[in-house]
Amino acid sequence: MEFLVEFELDVPSGTPQTDVRDRLAAESVAAAKLADDGHLVRLWKVGDGATAVGLYRADTEVQLDALLSDLPLADWLRITVTPLESHPNDPNGLPDPRLTRVFRPEAALGEPLELGETDRGRRRIVALTGGTFAGPELNGSLLPGASADWQIVLADGTALGDVRYTLQTDGGALIYVRSQSVRHGPADVLARLARGLDVDAGEYTFRAATWIETAVPELDWLNKGVFISVGGRRPGVVIYETYLVA
């Protein structure tokens, strides 16, 4: 979300100039940090500089309020926050993407077939030996024998997946899915995953760009969609929560 934020600086009378200079310097450092983190987009001064207007980004207004309350000048500022939305007449405006959950396959994993070190990294093939998928509109089974991950593991433990699997809906429709994935994280976390331990998905990053094909006319929208997946690894099981980007 984007927000227009107006700041009016009101320094308490009698404040030593050294304190004012120190706070202004700390404010500059804080603003630079907000910019580096992607929260502060632009900042303008108005008139003599006692008033400033900024364009900010945050997930929610609550998050923005927390960021602004941590500013070194916060108790000297009158802050007005206005949430912004795209205007249909904005000549440079583009719609914000939205994610809609499509389905969640949970696949059982076979023993990895280790090919060894190649010029790309350590090649391994992990069969998806069965499972199910469920979603708001699509439910069914993952077909063994037509599903696997042709994976490269880099020296730091990062796994680059080339995942191809076949789904069959409860109504008999066949769906082919291919995902290019990356799974990375701290070395100790990846080591626990490699040992087959149960690791919370919040401790590592597992994301994929996903393409879906089907010949079933009523599911043709899958052929035209852009999809992403959020992965999770559990002992003997992999999960690909898949979303349509609209």
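Residues numbered from 1 in each chain as written. Predicted model: local features only at pLDDT ≥ 70, side-chain atom pairs only at ≥ 80, totals over all residues. Heavy atoms only, no water.

Trainee: Help me understand the nonpolar core in this model?
Mentor: Generally speaking, a soluble globular protein has its nonpolar side chains buried in company with each other. Ranked by internal contacts, the top residues of the largest apolar core, which has 29 residues, are Phe103, Leu128, Leu138, Tyr165, Leu167, Ile175 and Leu222. Secondary structure elements with two or more residues in this core: strand S5 (99–109), strand S7 (121–134), strand S10 (159–169), strand S11 (174–184), helix H3 (187–194), strand S12 (205–213) and strand S14 (237–245). If one sorts the elements of this core by residue count, S5 sits on top with 4 residues. In contact with Phe103, not counting residues within four places along its chain, are Phe133, Ala134, Gly135, Leu138, Tyr165, Leu167, Val177, Ile212, Tyr240, Glu241 and Thr242. Of all hydrophobic cores here, the second largest spans 15 residues; its members include Ala52, Tyr56, Leu71 and Leu77. (Core = buried A, V, L, I, M, F, W, Y, C linked by side-chain atoms within 4.5 Å. Buried < 20%, exposed > 50% of the residue type's maximum accessible area, 1.4 Å probe, protein only. Helix = DSSP H or I, 4+ residues; strand = E, 2+ residues; numbered from the N terminus. Contact = heavy atoms within 4.5 Å.)

Trainee: What should I look at first to understand the sheet that holds strand S4 (residues 77–84) in this one?
Mentor: Two orientations exist for strands paired in a sheet by backbone hydrogen bonds: parallel and antiparallel. Spatial ordering of the open sheet is given by S2-S3-S1-S4, a layout of 4 strands whose pairing is antiparallel. On the outer flanks of this sheet lie strand S2 (40–46) and S4, each paired with one strand and no other. Within this sheet the neighbouring strands show an average axis-to-axis angle of 20°, counted without direction. The sheet contact formed by strand S1 (residues 2–9) and S4 spans 8 bridges and is antiparallel. Pairing of Phe3 across the sheet is with Pro83, part of S4. (Pairing = 2+ DSSP bridges. Axes fitted to C-alpha atoms, helices over the stretch in contact; angles between N-to-C directions.)

Trainee: What is the right way to read the environment of Ile125 from this model?
Mentor: Relative to the assigned elements, Ile125 resides in strand S7. With near-sequence residues (within four places) excluded, Ile125 lies in contact with Glu111, Pro112, Leu113, Leu115, Ala148, Asp149 and Trp150.

Trainee: Help me understand the pattern of salt bridges, please; the structure alone is not making it clear to me.
Mentor: Oppositely charged side chains can form a pair if their charged atoms are brought close together. Evaluation of the coordinates by the stated rule reveals 14 salt bridges. A salt bridge links Glu8 to Arg78; the nearest nitrogen and oxygen atoms lie 3.3 Å apart. Taken together, the residues span a long stretch of sequence, with Glu8 in strand S1 and Arg78 in strand S4 at a distance of 70 residues. The partner of Asp37 in a salt bridge is Lys33, with the nearest N and O atoms 2.5 Å apart. According to the relative accessible area criterion, Asp37 is partly exposed, its value standing at 43%. Judged by relative accessible area, Lys33 falls into the partly exposed class, the value being 47%. Counted as one network, the salt bridges with shared partners bring together Arg101, Arg104, Glu106 and Glu241. (Salt bridge = Lys/Arg side-chain N within 4 Å of Asp/Glu carboxyl O.)

Trainee: Would you explain H3 in this entry?
Mentor: Since the α-helix advances by 3.6 residues per turn, residues separated by three or four positions end up pointing in the same direction. Here H3 has its buried residues at Val189, Leu190 and Leu193. The buried residues of H3 occupy one face: seen down the axis, they fall within an arc of 95°. The exposed set on the far side of H3, more than 90 degrees from its buried face, consists of Ala187 and Ala194. Of the surrounding secondary structure, the elements contacted by the buried residues of H3 are S11 and strand S13 (226–234). Downstream of H3 by one or two residues, Gly196 has phi in the positive range, about 80°. (Arc of directions from axis to C-beta.)

Trainee: What is the right way to look at the pairing of strand S3 (residues 51–57) in this model?
Mentor: For a regular strand, the rule is simple: side chains alternate between the two faces of the sheet. Most of S3 sits out of view: 6 of its 7 residues are buried. Relative to S3, S1 is paired through 7 bridges, and the arrangement is antiparallel. Among the inter-strand pairings, Phe7 is bridged to a residue of S3, identified as Ala52. Linkage of S2 to S3, two consecutive antiparallel strands, is achieved through a turn of 4 residues, within which Gly47 is found at a positive phi near 65°.

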